[in-house]
Amino acid sequence: MAPAGDFGAPVTPELRVTSPARTGDVTKVRHKLTRWIAAHHPPADLVGDIALAAYEALINTAEHAYPAGAAGDVELRAQHQPGLIRITVTDFGRWDHPPAAPDPSRGRGLALIRILSDDATIVRTGSGTTVTMTWRLHPDGT
Amino acid sequence: MPATDPNPGQDPRSFAGETTISLRRAGSAVVLTAQGEFDAVSTPGLRTSIREAVEDGPEVLVIDLTAVEFFGSGAIATLVDAHLRAAEQTSLRLAVEHYLDRTLKLVGLDQQLATYPSVEEALAAG
């Protein structure tokens, strides 16, 4: 039985990954994050929620943060603290570059981030955008 | 790439990023089965396959998503696209496992999309 409000001893309390903000590369970041979350043995739905919300933040950066053809990085930081998991996705561009071929099927990414997390904040500055998502871990394992 | 896998006991399929899309006939219905991870890399192939299946105009099209391991917002949007294209011509039914069913409910798409817990139940539905 895990201590109240936690999953037990953190395996690796923090994960930091810096990657090129490109579609194929952020898939690799998603895989690393999924492995990290699974190692913490959270409730099954939470693994999916964190991986999906974080991926939507990553892919937004890959598709919108930098002008087409311009190199830029995205940083993912995942923290497991007592009673919560916090994911931060940071880029150093601006979300004002529409994709070369606008895709009408997009647009649910930010909604998913808000719906799937307990708390989500998006901070845009002149030097980049940071999406912070938090999940609270309940003592009863839900 | 990291030299060590922090969780070597995990089923490697879950992280391979491989996808499989297959089609089969079941009477007057067509079943399109999509397996694996559908993120921004793999979703365009899924969108094309679903569009082609809808354009063939079967009476019933069941999209079997019971073995998907990741389904991003772009993949969810392909289902809405398929629903709009199927219109009156084709009865579009989704077979989804618990997690995807929950996600579709959370984004409010359970009102538009007909979901069933298995292909068999989707085929049997009126």
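Remember, it's a predicted structure, so these values are computed and weren't measured experimentally.

Colleague: Describe the overall build of chain B, and please don't skip the residues or the numbers.
Modeller: Assigned secondary structure in chain B consists of five helices and five strands. Its helices and strands in sequence order give chain B the pattern α-β-β-α-β-α-β-α-β-α, from N to C terminus. Among the 126 residues that make up chain B, the fraction classed as buried is 38%.

Colleague: Give a detailed account of the overall build of chain A, specifying residues and quantitative values.
Modeller: A tally of regular secondary structure across chain A gives three helices and five strands. Ordered by position from N to C terminus, the α and β elements of chain A give β-α-α-β-β-α-β-β. Relative to all contacts within chain A whose residues are 6 or more apart in sequence, the contacts with residues 24 or more apart total 68%.

Colleague: Explain the interface of chain B and chain A residue by residue, including any values.
Modeller: Facing 20 residues of chain B, the contacting portion of chain A comprises 26 residues. Elements supplying a minimum of two residues to the side of chain B that touches chain A: α3 (73-86) and α4 (98-106) of chain B.

Colleague: Tell me what's going on with helix α2 (residues 43-55) of chain B, and back it up with residues and numbers.
Modeller: Residues and elements named next belong to chain B. Relative to the 18 Å expected for 13 residues at 1.5 Å per residue, α2 spans 18 Å between its end C-alpha atoms, a close match to the ideal helical length. For α2, every residue scored as buried is listed here: Thr 43, Leu 46, Arg 47, Ile 50, Ala 53 and Val 54. Down the axis of α2, the buried side of the element spans an arc of 135°, and every buried residue falls inside it. More than 90 degrees from the buried face of α2, the exposed residues found are Thr 48, Glu 52 and Glu 55. Elements that come into contact with the buried residues of α2 comprise β1 (19-26), β2 (29-38), β3 (60-71) and α3. Residue Gly 57 follows α2 closely and has a positive phi angle near 65°.

Colleague: Give me the lowdown on the pairing of β1(B), citing residues and values where you can.
Modeller: By the criterion of burial, β1(B) is predominantly exposed, with just zero of the eight residues buried. Counting the residues that bridge the hairpin from β1(B) to β2(B) gives two residues, and of these Gly27(B) lies at a positive phi of roughly 65°.

Colleague: Tell me about the confidence of the model for chain A, residues and numbers included.
Modeller: In low-pLDDT segments, the atomic positions of the prediction should not be examined closely. Scored by pLDDT, chain A has a mean of 85; 80% of the residues are at 70 or more. Low pLDDT, under 50, characterises residues 1-5 of chain A; the predicted model gives this stretch eight contacts beyond four residues in sequence or across chains.

Colleague: Would you mind going over the sheet that holds β2(B) in detail, with residue names and values included?
Modeller: Note: strands within a sheet are paired through backbone hydrogen bonds, in either parallel or antiparallel orientation. Residues and elements named next belong to chain B. Within the open sheet, the five strands sit side by side as β1-β2-β3-β4-β5. Their pairing is mixed. The two strands at the open ends of the sheet, each matched to only one other strand, are β1 and β5 (114-116). Between one strand axis and the next, the sheet turns by 25° as a mean value, whatever way the strands run. Of the strand pairs in this sheet, β3 and strand β4 (residues 91-96) are connected by six bridges, and their pairing is parallel. Along β4, the bridge assignment pairs Asp 64 with Ala 95. On top of the sheet, α2 reaches β1, β2 and β3; it is set at about 175° to β2, its chief contact.

Colleague: Lay out the nonpolar core in plain terms, naming residues and giving numbers.
Modeller: One recurring pattern in soluble globular proteins is that nonpolar side chains are buried together. Among the nonpolar cores identified, the biggest contains 64 residues, and Leu33(A), Ile50(A), Ala53(A), Ala54(A), Leu58(A) and Leu61(B) are the most heavily contacted of them. Considering every element that reaches this core, the biggest residue donor is helix α2 (residues 44-64) of chain A, with eleven residues. Among residues more than four places away in sequence, those in contact with Ala54(A) are Leu33(A), Leu76(A), Ile87(A), Val89(A) and Met133(A).

Colleague: Give a description of helix α3 (residues 109-116) of chain A that names residues and reports values.
Modeller: Within the sequence span of α3(A), burial applies to Gly109(A), Leu112(A), Ile113(A) and Leu116(A). The buried residues of α3(A) all sit within an arc of 100° when viewed along its axis, so they share a single face.

Colleague: So what about the environment of Thr78(B)? Which residues, and what values?
Modeller: Residues and elements named next belong to chain B. Relative to the assigned elements, Thr 78 resides in helix α3. You can call Thr 78 buried: it has 22 C-beta atoms within 10 Å. A sequence separation of 35 residues divides Thr 78 from Thr 43, and the C-alpha atoms of the two residues are 8.1 Å apart.

Colleague: Give a detailed account of the pairing of strand β4 (residues 119-125) of chain A, specifying residues and quantitative values.
Modeller: All names here are of chain A. Examined bridge by bridge, β4 and strand β5 (residues 128-136) share seven bridges and lie antiparallel to one another. If you follow Thr 125 over to β5, its bridge partner there is Gly 128. Between β4 and β5, which follow one another and run antiparallel, lie two residues.

Colleague: Tell me about the packing of α2(A) against α3(A), residues and numbers included.
Modeller: Axes are the key here: two packed helices are described by the angle between their axes and the distance separating the axes. Residue and element names in this part refer to chain A. The interhelical angle for the contact between α2 and α3, taken along N-to-C directions, is 145°, at an axis separation of 9 Å. By crossing handedness, the relation of α2 to α3 is classed as left-handed. On α3, the residues touching Asp 49, Leu 52, Ala 53, Glu 56, Ala 57, Ile 59 and Asn 60 of α2 are Gly 109, Leu 112, Ile 113 and Leu 116. Here the contact of α2 with α3 is built from residues that sort into seven nonpolar, two polar and two charged.

The rules behind these values
- Residues numbered from 1 in each chain as written.
- Chains lettered and ligands numbered in written order.
- Predicted model: local features only at pLDDT ≥ 70, side-chain atom pairs only at ≥ 80, totals over all residues.
- Helix = DSSP H or I, 4+ residues; strand = E, 2+ residues; numbered from the N terminus.
- Buried ≥ 20, exposed ≤ 12 C-beta atoms within 10 Å, placed from the backbone.
- Contact = placed C-beta atoms within 7 Å.
- Expected span 1.5 Å × (residues − 1).
- Arc of directions from axis to C-beta.
- Pairing = 2+ DSSP bridges.
- pLDDT = per-residue confidence, 0-100.
- Axes fitted to C-alpha atoms, helices over the stretch in contact; angles between N-to-C directions.
- Core = buried A, V, L, I, M, F, W, Y, C linked by C-beta atoms within 7 Å.
- Left-handed = near helix turned anticlockwise from the far one by under 90°.
- Nonpolar A, V, L, I, M, F, W, Y, C, P; charged D, E, K, R; others polar.

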